[in-house]
Structure formats: structure tokens, C-alpha cells
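# Descriptive structure summary
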Amino acid sequence: MKTPLRVKIAFVACMLLLTACLAVFIGLRLRRPHPQACDFAVLSETLSEAGTLPDSLPGSDASLKRAFGLLPGSAEEFLYFEPATFMDVDEVLVARVSSEAQAADVRAACLARIEAQKNNFESYGTDQFSLMNEALVYENGGYVCYTAGHHAAEAMALIRKAIER
Amino acid sequence: MVFSSTVFVFFFLPLCLVFTLAEPDIRVKNIILLLFSLVFYAWGEPVYVILMVLSILLNYTLGRFMAAIPEWRKGILVLGLVMNLGILGFFKYYGFAVDILNRAFGLQLTAHDLPLPIGISFYTFQALSYVIDLYRGNVRLQKNVLDFGLYITMFPQLIAGPIVRYSDVQEQLADRHVTAAGLGRGMARFLFGLAKKVLLANRLGAVFDASGVLTGPTGTLTAWVGLLAYSLQIYFDFSGYSDMAIGMGEMLGFDFPENFNAPYGSASVTDFWRRWHMTLGTWFREYVYIPLGGNRVKPARHIANILIVWGLTGLWHGAAANFVLWGLYYGLLLLFEKFVWFRWEKRPAWLCHALTLLAVFFGWGLFCCGSLAECGQIFSNLFGQAHLGFVDGHSLHLLLSHGALLAAGAALSLPWAVRLRQALMDRHLMFLVVLCAALFVVCTAFLVTQNYNPFLYFRF
């Protein structure tokens, strides 16, 4: 028995609708502000010159692993400034990621870091604890950023300016 | 959400089990499981839930109309292949393709790289298996969109497999029962997987990281120790995930296919690929290799078929040249075994095993890199081209600090460990209960203090 024409029209209509939905979804994702290729060396200089890192030191792969549990391969590139002493909480992490999985890993690591620092200073360092309550995590397509400490907001503003068009 | 996290182990999984086991109606049970699966995916991937839902609607619609318009079945199949592979290709390979074009023709095309949706390779392959099997008449049409959605999103295997074909679970979607014995077996399997991940894979990963074999010049022995740690890490990480997925499936009444069978006990590379990521191998055999003609064609075409399948297997793992190279490396090894090595009938078993392990070991050298430059670095370190000597202080420190862990990992990756687990589950229940309780306590202690440690296969 031949299939009625209305069924065929319904199929074509469904496919067009689903294709349109997919196209809109992809279009919206592409229209989001795209991270521009950010030179981490330049960003590092910008952050230092703006005086946002007085209580931080350039971090290493080992300190990144210790603090966040992140390996060098967990993202495409990291910019990390660690607290200058164990009583400081001033910290900056910018990760360039190439997949949602990497972004989710780094985001989760940042949130875990905030919780860990809060636990470290709760009932012990009230200033540090309140600074950690104001720590910032920001994600924009190809970048995940984390700032904490006295200049967290200024540092985050500079980072966002550097990675967003 | 990661299986090896306190949120998952102490909140998400128990809540899901309580809600699904308490509900007697299979339709409501499926809806609850679907909702939990969507929450699980949205936990780390809120935006891409929309893409997954669109994929579900697309493949469900294709199935419904494949049954409703028999004269268009072939066209609908082709449309399904084009759309599914198009979505996967766009999100996973678009940037890679633009990069190749730019390099090959000196162009300056701009790729708007989007983040890769987590698990897209796995759920796209599952959706494709439904559409293809429906076309072949191997499965029945799924008329309930929620049940079909559950098949695609089921959280135990959504992110990193095993790749469950629709034919594997179509009966269980409509009717399944959870017994006390099944629940116990599932919990034990889940705990074995959790222990593999938390107690072995994560710690072996730290050894690989400490070796520095990827990031710069190292001594020869350091490089070998580092790559050995990675070889064991990836096995325990991925097989641990699969054990947890299969265990959770059993707790929920599903019977997922096995994904590993002690691959490091293989006597050949061919054998290794029958024991490693078995569901991916089955998928490529059923849906690519056999449709291409398999081995029932002329030798030249047979060779081409093998290289095509392995090139695609490499590409499936990632949009990078080293993954394609890794796939082709295995294609060439399999051809060598088929046409040369297997003709030597009196080859000693120990030699076969040793050479297989060596071949797989070098394969991981290609696989663990992020770029061809890193591949160059790792092989340069392995063969002493870093000119830092064979043994140095770092290699001795690695061996003294982590020798016991490496030895335990190597021993537990062999077939006897799988046989022991099976024997425990079949015959020594009291001992199994005690062992599981101990593993749960130790794993919890590690989970509470550990940093964030996702599974390696999440990136695929």
C-alpha cells in the first residue's frame, strides 16, 4: 500500500523543523562573544602592572597540581599565580580550554579550590575566609578564569577584557 | 558529574536507586531514570542538554518515519547518517578540518571552535546503532519517545560507554526486574570500579605526571617508568569506569555489555583489540567493517578496509593528527599479524605476550600526547635522545617511591585478577562482602581528601 502524501509531508516538515532548531542552536552558540586568542604573557604583564598581584607569585605545574588537582594536560594552557605565602589567598588562574569536558574539569577544580580554602581558614583566618567568599569564577567559551584575594574583582575585569571581544 | 566524587556516591546514586526501586510501574521508573540522567548530564553541561534532546528527537523521528514510509527507508537511513555524523563532525572535527585546509593550501580560514559536548561521540554512536539496526530489521521500532530518550541518556554509560546498542537493551526498556542478588552484584562491581579509579588510576596518573615525560627532556628510564604508569593508568581508569557503569546498570536492572577482558594478558595485538574497549570494536565491525565487505573481498580491498576502520577508530578518539596516527599504527600492526606473524606457527607464547605488550606500550606513547610535537618529545625521551643518561636520580626516586604501586598495578591488570573477581562474586560471598566494605571505607577516605580527578575517556 502506498504511503499517504500527508505522512510524507509530515516527515519533511518534521525534518525541516528539527534542522531549523539545530541551526538556531548552533547559530546562537556561534554568536556568543568569542574568546579572542589571548597571549598569556601579555595578560600576565597587564595583571602585574595593574598591581593586582602583590601577594601572589608565578605558579608552577607542581603548585597547580597541588592546589587544584589539575595537570598541564587538563587544559590547552594555564596562567597561574599562587598565593605568596600560606597565609595569603590572592590567587589567579586562567585556563584556555578546547572542549566542554576540559571546561567542566577546570570549573569543578576551581569550585573545589574555593571550598578547600574556605575550610582551611574557617574559624582561623577571618579576613582570608571573607575574601574566599568573594572569590570569582568566570567561564567564557574557550576560557575558565578564577580569581581570589584582595584584588579579585579588578583582576577578573582585566582578564575578561583580555579574552572577550 | 563524576562517578568518583562524594556528591555522586553519597547523594546522586542513592537517591536515584531509592526513587527507581521504590516505583513498581516500569513507565514511571523509566521517566524517573530519564530525569536523573538529564540532571546528571546538565550538572557539568547545562547548555548541551539541548543538543542531546535535539539528537533524541531527530533519531526518534527518523525511526517513526522509517516505519511509516517504507518506500523511503533507504533515504531516511542516509539522512540519519548524514545528520548524526554532521552534528558529530561539526562539534568535534570542524576546527581540525579547517586547520588541515589552512596548512595544506596556505589558506587563512577562521574556525569558530565550540567546546566539545561531553559524551557526544558515545551517544551519537548509540543513536546511529538504533537507526541502522531499525533499517536492517534487527530491532523493533520504539514508539515511546521517553523510553528512546532514556536509551540515549542513561547516565551510567552516557559519558564514556560502554557503547550500548539498542538491541542490547530494547527488552529491558520495556520489562526489567531488580533482584537482591543483582543489586548486591551491581554494588560489588561498582565498588571494584571505584577502587580501580581512586586507588590505582589516580595514583598512577600522579606518577606519570611526576615523570615529566611529556613536558620536557627526561632520562631514558624515567620515560619508560612514566609511560608504564600511563599504560596502567588508562587501563584502570577506563576499565574502572566501565565496571562502575556495568555495576550501576545491574543495580537498575540493565545488563550492559562487557567492555574489557584483561587486555594486558593478550597474546597478540589482534587479541588485545578483542579485549580492550570491546563495545567500540564491535560497533566498528558491525557498522563499518562488515558493510565495507570485511575480509570477504580481494586482498587489496581487505587491507584498505582494515586501514579505513582503524583510521576512523583513531579519529573517533580525537580530532588530532596523533590519534589518526595511533589508529593507523594499529591497522598496520593488525595487517602484519594477519599476513606475516600468524603464519609462524611455532612462535613462543612468552615472546608473543612480550611483543604485544611492547607494541601496546608504544601505542600509548602516541595516544597520551596532545600534539605531534609532544609525541616527538616522548619518543625522544624513550630512546635516549634527550642525552640525560639511562638512569638518573629522578628515575631512581620514581622507582623507589612508586615501585610497589607499579608492581601492584601490573599484577592486577593480568587475567588472574578478573578470574579472582568472578570467583569472589560467584562463590565467596562472605569474603566479598568484607572486601567491599573495606574498599568502600578506603575509597571514601581517598574521595574526601582527593582533588578533582575526572576520567581520561571523558574527553572523547
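Owing to the predicted nature of the structure, the values given are computational and were not obtained by experimental measurement.

Now for the overall build of chain A. Helices and strands together make up the secondary structure of chain A, namely six helices and five strands. Put simply, chain A runs from its N terminus to its C terminus through helices and strands in the order α-α-β-α-β-β-α-α-β-β-α. Its C-alpha atoms give chain A a radius of gyration of 22 Å, clearly above 15 Å, the size a compact globule of 165 residues would have. With the C-alpha coordinates of chain A rotated into their principal frame, the extents come out at 80 × 35 × 25 Å. The buried share among the 165 residues of chain A stands at 49%. When the accessible surface of chain A is split by element, carbon and sulfur atoms take 58% of a total near 8200 Å².

Let us look at the overall build of chain B. When you go through chain B residue by residue, the secondary structure sums to 19 helices and zero strands. With respect to the three principal axes, the spread of C-alpha positions in chain B is 70 × 60 × 50 Å. Taking all 460 residues of chain B together, 55% fall into the buried category. Contacts in chain B between residues at least 24 apart in sequence constitute 78% of all its contacts with a sequence separation of at least 6.

This paragraph deals with the interface of chain A and chain B. Taken residue by residue, the interface counts 35 residues in chain A and 36 residues in chain B. For the pairing of chain A and chain B, the buried interface totals around 3200 Å² over both sides, and the portion due to carbon and sulfur atoms is 74%. Viewed at the interface, chain B and chain A are joined by one salt bridge. For the pair chain A and chain B, the interface holds two residue pairs in polar contact (both at pLDDT 80 or more). Going through the elements one at a time, helix 1 (5-31), helix 3 (61-68) and helix 4 (100-121) of chain A are the ones with two or more residues in the side of chain A that touches chain B. Looking at side-chain class alone, the side of chain A that touches chain B contains 20 nonpolar, seven polar and eight charged residues.

This brings us to the pattern of salt bridges. Summed over the entire model, instances satisfying the criterion amount to 15 salt bridges over all chains. Between Glu71(B) and Lys8(A) there is a salt bridge, with its nearest N and O atoms 3.2 Å apart. Residue Glu71(B) is located in the loop between helix 3 (48-68) and helix 4 (73-105), and its partner Lys8(A) is located in helix 1; the two belong to separate chains. For Glu71(B), a relative accessible area of 39% puts it in the partly exposed group.

In terms of nonpolar packing, the biggest core is built from 146 residues, with Phe8(B), Phe155(B), Trp276(B) and Trp364(B) touching the most fellow members. Per-element accounting of this core gives the leading share, 17 residues, to helix 10 (residues 220-251) of chain B. In contact with Phe155(B), other than residues within four places in its own chain, are Phe3(B), Phe8(B), Phe12(B), Leu13(B), Cys16(B), Leu33(B), Ser37(B), Phe40(B), Tyr241(B), Met248(B) and Leu252(B). By size, the runner-up hydrophobic cluster in this structure holds 23 residues, among which are Ala75(A), Leu93(A), Val106(A) and Val144(A).

Moving on: the sheet that holds strand 4 (residues 136-140) of chain A. Residue and element names in this part refer to chain A. In spatial order, the strands read 1-2-3-5-4; together these five strands make up an open sheet with antiparallel pairing. At either margin of the open sheet sits one strand with a lone partner, and together these are strand 1 (56-58) and strand 4. For this sheet the average axis-to-axis angle between neighbouring strands, irrespective of direction, equals 15°. One ladder, built from five bridges, connects strand 4 with strand 5 (residues 143-148); its direction is antiparallel. Residue pairing across strands places Tyr138 opposite Cys145, the latter belonging to strand 5. Across the sheet, helix 6 (residues 152-163) lies against strand 3 (91-96), strand 4 and strand 5, angled at about 160° from strand 5, the strand it touches most.

Turning our attention to the domain arrangement of chain B. Residues and elements named next belong to chain B. For chain B, the assigned domains are domain 1 (6-175) and domain 2 (181-459). Summarising the inter-unit geometry, the C-alpha centres of domain 1 and domain 2 are found 25 Å apart. Each side of the interface is counted separately: domain 1 has 40 residues, and domain 2 has 39 residues. Regarding the contact of domain 1 and domain 2, the summed buried area is about 3400 Å², with carbon and sulfur atoms giving 76% of it.

Moving on to the domain arrangement of chain A. Once the domains are mapped, chain A shows domain 1 (1-31) and domain 2 (40-163). For domain 1 of chain A and domain 2 of chain A, the distance between their C-alpha centres works out to 44 Å.

Summed over the entire model, instances satisfying the criterion amount to 61 aromatic pairs over all chains. Each ring, one from Phe90(B) and one from Phe91(B), has its centre 5.3 Å from the other, and the planes form 90°; the classification is edge-to-face. Seen in terms of ring centroids, Tyr235(B) and Phe260(B) are 6.0 Å apart; in terms of plane orientation they differ by 75°. Their pairing is edge-to-face. Pair noted here: Tyr235(B) is in helix 10 and Phe260(B) is in the loop between helix 10 and helix 11 (269-275), with a separation of 25 residues, a long-range link. For Tyr235(B), a relative accessible area of 3% corresponds to the buried category. In this structure Phe260(B) comes out as buried when scored by relative accessible area, which is 11%. Positioned above the aromatic ring of Phe68(A), the side-chain terminus of Arg113(A) is 5.6 Å from the ring centre.

Cut-offs and rules
- Residues numbered from 1 in each chain as written.
- Chains lettered and ligands numbered in written order.
- Predicted model: local features only at pLDDT ≥ 70, side-chain atom pairs only at ≥ 80, totals over all residues.
- Heavy atoms only, no water.
- Helix = DSSP H or I, 4+ residues; strand = E, 2+ residues; numbered from the N terminus.
- Rg over C-alpha atoms; globule rule 2.2 N^0.38 Å.
- Buried < 20%, exposed > 50% of the residue type's maximum accessible area, 1.4 Å probe, protein only.
- Areas by Shrake-Rupley, 256 points an atom, 1.4 Å probe, with all protein chains shown as cover.
- Contact = heavy atoms within 4.5 Å.
- Buried area = accessible area lost by both parts, 1.4 Å probe.
- Salt bridge = Lys/Arg side-chain N within 4 Å of Asp/Glu carboxyl O.
- Polar contact = N/O pair within 3.5 Å; in protein donor to acceptor, adjacent residues only side chain to side chain.
- Nonpolar A, V, L, I, M, F, W, Y, C, P; charged D, E, K, R; others polar.
- Core = buried A, V, L, I, M, F, W, Y, C linked by side-chain atoms within 4.5 Å.
- Pairing = 2+ DSSP bridges.
- Axes fitted to C-alpha atoms, helices over the stretch in contact; angles between N-to-C directions.
- Domains from an automatic or database assignment.
- Phe/Tyr/Trp six-rings, centres within 6.5 Å; stacked < 30°, edge-to-face > 60°.
- Lys NZ or Arg CZ within 6 Å of the ring centre and 35° of its normal.

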